[in-house]
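Topology and contacts: notes
Given next are the chains, with one letter for each unit.
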Amino acid sequence: MTPSAPRIGIDFDNTLIRYDRVFLEVGRECGLLPADFQGGKPEIRAHVRSLPGGADLWTALQGRVYGPGVERAEPAEGALAFLAACRRSGMPTAIISHKTEFAVADPGGVNLRAAARAWIDRHGLTDPLRGGVDPDAVFFEDTRAAKIGRIVTTGSTHFIDDLEEVFLEPLFPAGVDRCLLLHDAGTLPVGPYRAFRSWAEITNAFFAQT
């Protein structure tokens, strides 16, 4: 922990919320995956992108999952427990996500931000007795650079994300503790961050000594 009062910033997609099952279900429904296909988002992405026109198919699939499919998604295991621990310890938390208002492949479709906010409210992340995230501390940004800017303006001392690329950005603030969350990973990568396989590991790292 840093000497200053901790302020925790957390990514949304594939960090607080898990889409693996939704990608599998929607991919099968769209005929992009065989009925017996097994695997999480990385394996699904690789398979869909290997198909003819795969890049566009993957973009369209993401739009379906992050839009109407978000209703089927679930909180990442242990995420709500971590938020509860932050609330009990008086650590302010913010959700900071790179999420455009509409999917590139479906510009007139579901409002992705509205769908995400509805999911956040439905699962209690902004409930002061459950998740404890201030509703005014939920931010969706148009670009990765804007996301990083928001990490700075919120005064986050720690940031938790599932994308290594975010922490490798030259603009990422040097003084922020970088926590890379790779759910159920085998070998963890080494980089300018602390890497974790689960929210339980992160919770232990933050609170075991408190």
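Described in the following lines is the structure provided in the data block. (Residues numbered from 1 in each chain as written. Predicted model: local features only at pLDDT ≥ 70, side-chain atom pairs only at ≥ 80, totals over all residues. Heavy atoms only, no water.)

**What about the packing of aromatic side chains?**
Just so we agree on the cut-off: Whether two aromatic rings pair depends on their centres lying within 6.5 Å, for rings of Phe, Tyr and Trp, where Trp uses its six-membered ring; planes under 30 degrees apart make the pair stacked, over 60 edge-to-face, and the rest tilted. Accessible area is worked out with a 1.4 Å probe on protein chains only. A residue is then buried under 20% of its type maximum, exposed over 50%, and partly exposed in between. A run of H or I in DSSP counts as a helix once it spans at least four residues, and a run of E counts as a strand once it spans at least two, with each numbered from the N terminus.
Summed over the entire model, instances satisfying the criterion amount to 12 aromatic pairs. Ring centres 6.4 Å apart and planes at 70 degrees place the aromatic pair Tyr19 and Phe23 in the edge-to-face group. Each of the two residues, Tyr19 as well as Phe23, counts as buried. Ring centres of Tyr19 and Tyr66 lie 4.6 Å apart, and the angle between their planes is 75 degrees; this geometry places the pair in the edge-to-face category. Here Tyr66 lies in helix α3 (residues 54-66) and Tyr19 lies in the loop between β2 (17-18) and α1 (20-29), a separation of 47 residues in the sequence. Here Tyr19 matches Tyr66 in class, with each residue buried.

**Looking at the layout of surface pockets**
To find leftover empty space, a probe the size of one water molecule is rolled over the atoms. Let me state the cut-off plainly: Site definitions follow a grid-based scheme: protein atoms alone, a 1 Å grid, a 1.4 Å probe that fits but cannot get out for cavities, and for pockets an open set with protein on both sides within 12 Å along at least five of seven lines, plus lining residues having an atom within 4 Å of a point. Grid points are joined across faces, edges and corners, and a volume is the space filled by probe spheres set on the points. Throughout, the ten residues Ala, Val, Leu, Ile, Met, Phe, Trp, Tyr, Cys and Pro are labelled nonpolar, Asp, Glu, Lys and Arg are labelled charged, and all others, Gly among them, are labelled polar.
Here the largest pocket defines a volume of roughly 1100 Å³. Along the wall of the largest pocket there are 32 residues; nearest its centre are Asn14, Lys41, Gln62, Tyr66 and Leu163. Every element with two or more residues in the lining of the largest pocket is listed here: α2 (41-49), α3, β4 (93-98), α6 (144-153) and α7 (164-168). Counting residues per element, the lining of the largest pocket draws most heavily on α3, which supplies five residues. Here the lining of the largest pocket is composed, by residue class, of 11 nonpolar, nine polar and 12 charged.

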